[in-house]
Amino acid sequence: TLYFDKVNAEGGINGKKIELISYDNKGDDAEAINAFNREVDEGITAFIGDVITSNTIAVAGEANAVNMPMITASATAEAVTVNPDDGSVYTNVFRTCFIDPFQGEKMAQYAKEKLGYTKAAVIVQTGNDYAAGLNEAFKAKCAELGMTVVAEEGYAKGDKDFNAQLTNIKAADPEFIFCPNYYEEVGQILSQAESIGLTVPFLGGDGWDGLEGYATADQLKDAYFCANYAKGSNPDFENAYKAEYGEEYPNGFAPLGYDAAMTVVYGIKAAEEQGLEAGSDEYKQAVIDAIAGGTIEGITGTFTFDEHHNPVKQTAILCFDGATPVLKEMF
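The rules behind these values
Residues numbered from 1 in each chain as written. Predicted model: local features only at pLDDT ≥ 70, side-chain atom pairs only at ≥ 80, totals over all residues. Heavy atoms only, no water. Axes fitted to C-alpha atoms, helices over the stretch in contact; angles between N-to-C directions. Helix = DSSP H or I, 4+ residues; strand = E, 2+ residues; numbered from the N terminus. Parallel < 35°, antiparallel > 145°, perpendicular 65-115°, else oblique. Left-handed = near helix turned anticlockwise from the far one by under 90°. Contact = heavy atoms within 4.5 Å. Nonpolar A, V, L, I, M, F, W, Y, C, P; charged D, E, K, R; others polar. Core = buried A, V, L, I, M, F, W, Y, C linked by side-chain atoms within 4.5 Å. Buried < 20%, exposed > 50% of the residue type's maximum accessible area, 1.4 Å probe, protein only. Salt bridge = Lys/Arg side-chain N within 4 Å of Asp/Glu carboxyl O. Pairing = 2+ DSSP bridges.

**Thoughts on the packing of helix α4 (residues 100-114) against helix α5 (residues 129-145)**
- The interhelical angle for the contact between α4 and α5, taken along N-to-C directions, is 40°, at an axis separation of 7 Å. Considered as vectors, α4 and α5 are oriented oblique to each other. In this structure, α4 crosses over α5, and the sense of that crossing is right-handed. Facing α4, whose interface residues are Asp100, Pro101, Gln103, Gly104, Glu105, Met107, Ala108, Gln109, Lys112 and Glu113, α5 presents Asp129, Tyr130, Gly133, Leu134, Ala137, Phe138, Lys141, Cys142 and Leu145.
- Here the residues of the contact of α4 with α5 are counted per class, giving nine nonpolar, four polar and six charged.

**Overview of unusual backbone geometry**
- With omega at -5°, the peptide bond leading from Gly49 into Asp50 counts as cis.
- Mapping Asp50 onto the fold places it in the loop between β1 (47-48) and α3 (53-65).
- Although it is not a glycine, Asn67 sits at a positive phi angle of roughly 55°.
- Tracing the backbone shows Asn67 in the loop between α3 and β2 (70-72).
- Here the phi dihedral of Asp173 falls at roughly 60°; this positive angle occurs in a residue that is not glycine.
- With respect to the element layout, Asp173 can be found in the loop between α6 (163-172) and β6 (176-178).

**Looking at the nonpolar core**
- Grouped together as the largest cluster of nonpolar side chains are 33 residues, with contacts concentrated most on Tyr3, Phe237, Tyr258 and Phe305.
- Among the elements that make up this core, the one with the highest residue count is helix α9 (residues 253-273) (ten residues).
- Apart from residues lying up to four places away in sequence, Phe305 is in contact with Ile71, Phe94, Arg95, Thr263, Ile291, Ala292, Ile296, Asn310, Pro311 and Val312.
- Core analysis: the next-biggest nonpolar cluster, separate from the first, contains 26 residues, Ala121, Leu190, Ala193 and Phe202 among them.

**Concerning the pattern of salt bridges**
- Evaluation of the coordinates by the stated rule reveals ten salt bridges.
- Residue Lys139 is joined to Glu136 by a salt bridge in which the shortest nitrogen-to-oxygen separation is 3.3 Å. Here the residue Lys139 and the residue Glu136 both occupy positions in helix α5, the gap between them amounting to three residues, near one helical turn.
- The exposure class assigned to Lys139 is partly exposed, which follows from its relative accessible area of 21%.
- The shortest N-O distance in the salt bridge between Lys221 and Asp222 comes to 3.3 Å.
- When salt bridges with common partners are traced through the structure, they connect Glu136, Lys139 and Glu152 into a single cluster.

**Details of the sheet that holds strand β9 (residues 296-298)**
- Read from one edge to the other, the open sheet built from three strands follows the order β9-β10-β11, with strand pairing classed as antiparallel. Edge strands, defined here as strands with exactly one partner in the open sheet, are β9 and β11 (311-312).
- Pairing of strand β10 (residues 301-305) with β11 involves two bridges; the strand directions are antiparallel. Within β11, the position partnered with Thr304 by the bridge is Val312.

**As for the pairing of strand β8 (residues 224-227)**
- With burial as the criterion, each face of β8 is covered, one bearing Tyr224 and Cys226 and the other bearing Phe225 and Ala227.
- For strand β7 (residues 202-204) and β8, the ladder comprises two bridges, and the chain directions are parallel. Within the sheet, the bridge partner assigned to Leu203 lies in β8 and is Tyr224.
- Both β8 and strand β12 (residues 316-321) contribute to a ladder of three bridges, which runs antiparallel. Bridging from a neighbouring strand, Ala227 pairs with Ala316 of β12.

Structure follows, in structure tokens:
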């Protein structure tokens, strides 16, 4: 919304203002499909969404059937842009976020190439698609790079006690621990690791975005995680967000959503420049073609799209100044 308002304030696209139609899908797959179909009936020319991966996968097939330009800011599973039944790419679907395997691979590379580690351990929530995706890619990359995973421990959703798993990891004597989980659990894990004297560094993925307040500076010493966006890297966006909504941007969903809007506008501008009728089959295809072959100057970085319509860009590697995440480098 913030980006569309900016475009409209500057005169719109080809003199036309963007109208945003949005519905709450309630986190439900059926509701997501119903909301998308309502929007199609109301004449949308492109679609941003969904947020949750399962909802996005449910809608992707529907959008593909009508060749609707579709971009998600936050759905990370491979099946969002690739049909899991036959491996074909949904030619109309894109995303601005990283896929899960990308993050796992990047953190294995960073551990080896930048930090010089060779012995890893893993603690991961079982049955969680996000955590599993990062973990499997991390382990595969470790094997490729000649790194050893000396221990792998799992836990169930809702678990609060991680002492048994952490004790086993401590006995295996790793140089670091890969913890591809969400920040609330990461904070508990770090606290319990400290309590048993397990002091090796932890590494994680973008699920750590929001970890402030859940862990202390001592627990986060020498810890690193990857993210789509580093706070402070685009003051214009951050100041505009605060001015509009009265608060700091909350997490990585906001900048990724902004980039999704930028991507849609990039495609629509191309269709408008060709003088095509908005909403026609030719118009939608022109939007798709422009995005697929374009370069987006986003606030999470400059990116193009690969053959699976995933963004090709560097990741932000963050470390901690005390308990506050700060950008270490782009990698």
